[in-house]
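# Structural features, examined
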Amino acid sequence: AGLPNEMGGYDQTPEEMAAQVREMASRGLVNIVGGCCGTTPDHIRAIAEAVRDIPPRRLSDHELATNNGDFVAERLTVSGLEAVTIGKNVTTIGSSVFRNCTALSRVDFGEDSVMTSIGDYAFYECANLTEIQLPSQITTISKFMFYNCALLTKANIPSGVEAIDSSAFYGCVSLANIIIPDGVTSIGNYAFSSCSSLTSIVIPDSVTSICYNAFYG
């Protein structure tokens, strides 16, 4: 219990550890209390008793602030992350994974990537991302995937993509040209809105739906 000593043992008694946990809980520094290496059932009982009368920590107004209903993505950012190499066996990137990683400039999937899905908001407001080569097996450019990636100049749309969802490239003001492959059937609302540097685009015959404000501004 507590930090290990120089021999790898744990010296704190249940009473000592419970007193320290109570102090931290009283100051609103913890969300969950419990045990780990070195704790015994006696330690857990002492901790539970020590915090029994302390109410759960309340989130501040800032922590409760939402951004499109997703306050977790607003709070948990890695603003210093500059480069990412994604292993070839990763098949899915979930929603908001790199959202607001404002220093991120390079993402490498590798030529043999088996990735098939990248979630909504995945690279949302990655302001320093300049180019990206998406895996060949992607079938959808998801909602808000590159929203406000202001320095993005080059992004491929793989040949297997069937849909470019809403606001996928919204605000990519440095994107000068992009090739929409034959096979894409729909372009979502605001998909390329505010792409002010976009000078040319070819929409293939496979496209059957171009939604509201897809190229607005």
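What this report covers is the structure whose coordinates are included nearby. (Residues numbered from 1 in each chain as written. Predicted model: local features only at pLDDT ≥ 70, side-chain atom pairs only at ≥ 80, totals over all residues. Heavy atoms only, no water.)

What follows concerns the nonpolar core. Grouped together as the largest cluster of nonpolar side chains are 39 residues, with contacts concentrated most on Phe109, Ile118, Phe123, Ile132, Phe146, Ile164 and Phe169. Those residues in contact with Phe146, other than ones at most four positions away along the chain, are Phe123, Leu129, Ile132, Leu134, Leu152, Ala168, Phe169, Tyr170 and Cys172. Listed in part, the 9 residues of the second largest apolar core include Ala18, Ile47, Ala50 and Val51. (Core = buried A, V, L, I, M, F, W, Y, C linked by side-chain atoms within 4.5 Å. Buried < 20%, exposed > 50% of the residue type's maximum accessible area, 1.4 Å probe, protein only. Contact = heavy atoms within 4.5 Å.)

Between helix α1 (residues 14–26) and helix α2 (residues 41–50), the least distance of the axes is 8 Å, while the angle of their chain directions is 35 degrees. The way α1 lies across α2 gives a crossing that is right-handed. Between α1 and α2, the residues in contact are Pro14, Met17, Ala18, Val21 and Arg22 and Asp42, His43, Ala46, Ile47 and Ala50, respectively. (Axes fitted to C-alpha atoms, helices over the stretch in contact; angles between N-to-C directions. Helix = DSSP H or I, 4+ residues; strand = E, 2+ residues; numbered from the N terminus. Left-handed = near helix turned anticlockwise from the far one by under 90°.)

Between the first and last C-alpha of α1 there are 18 Å, a value that for 13 residues agrees with the 18 Å anticipated at 1.5 Å per step. Those residues of α1 that fall on the buried side of the exposure criterion are Pro14, Met17, Ala18, Val21 and Ala25. Projection of α1 onto a plane perpendicular to its axis shows the buried side chains occupying an angular sector of 100 degrees, all on one side. Against the buried residues of α1 lie α2. In the stretch just after α1, Gly28 is the one whose phi turns positive, near 70 degrees. (Expected span 1.5 Å × (residues − 1). Arc of directions from axis to C-beta.)

Attention shifts here to the environment of Cys211. Note on placement: Cys211 falls in the segment after β12 (209–210). Excluding anything up to four places from it in sequence, Cys211 contacts Ile187, Gly188 and Asn189.

Right, let's talk about the packing of aromatic side chains for a bit. Taken as a whole and judged by the stated rule, the model has 13 aromatic pairs. Judged by centre distance (4.8 Å) and plane angle (0 degrees), the rings of Tyr121 and Phe144 are stacked. Placement of Tyr121 in the loop between β4 (117–118) and β5 (131–132) and of Phe144 in the loop between β6 (140–141) and β7 (154–155) is noted, with a sequence separation of 23 residues between them. Per residue, the accessibility class of Tyr121 equals that of Phe144, and both read buried. Between Phe123 and Phe146, the aromatic rings sit 5.6 Å apart at their centres with planes inclined by 5 degrees, giving stacked as the arrangement. Separated by 23 residues along the polypeptide, Phe123 in the loop between β4 and β5 and Phe146 in the loop between β6 and β7 bring together distant segments of the chain. Neither residue differs from the other here; Phe123 and Phe146 are each classed as buried. Clustering of aromatic rings is evident, with ring pairs tying together Tyr121, Tyr124, Phe144, Tyr147, Tyr170, Tyr190 and Tyr212. The cationic tip of Arg99 hangs over the ring face of Tyr124; the distance from NZ or CZ to the ring centre is 4.4 Å. (Phe/Tyr/Trp six-rings, centres within 6.5 Å; stacked < 30°, edge-to-face > 60°. Lys NZ or Arg CZ within 6 Å of the ring centre and 35° of its normal.)

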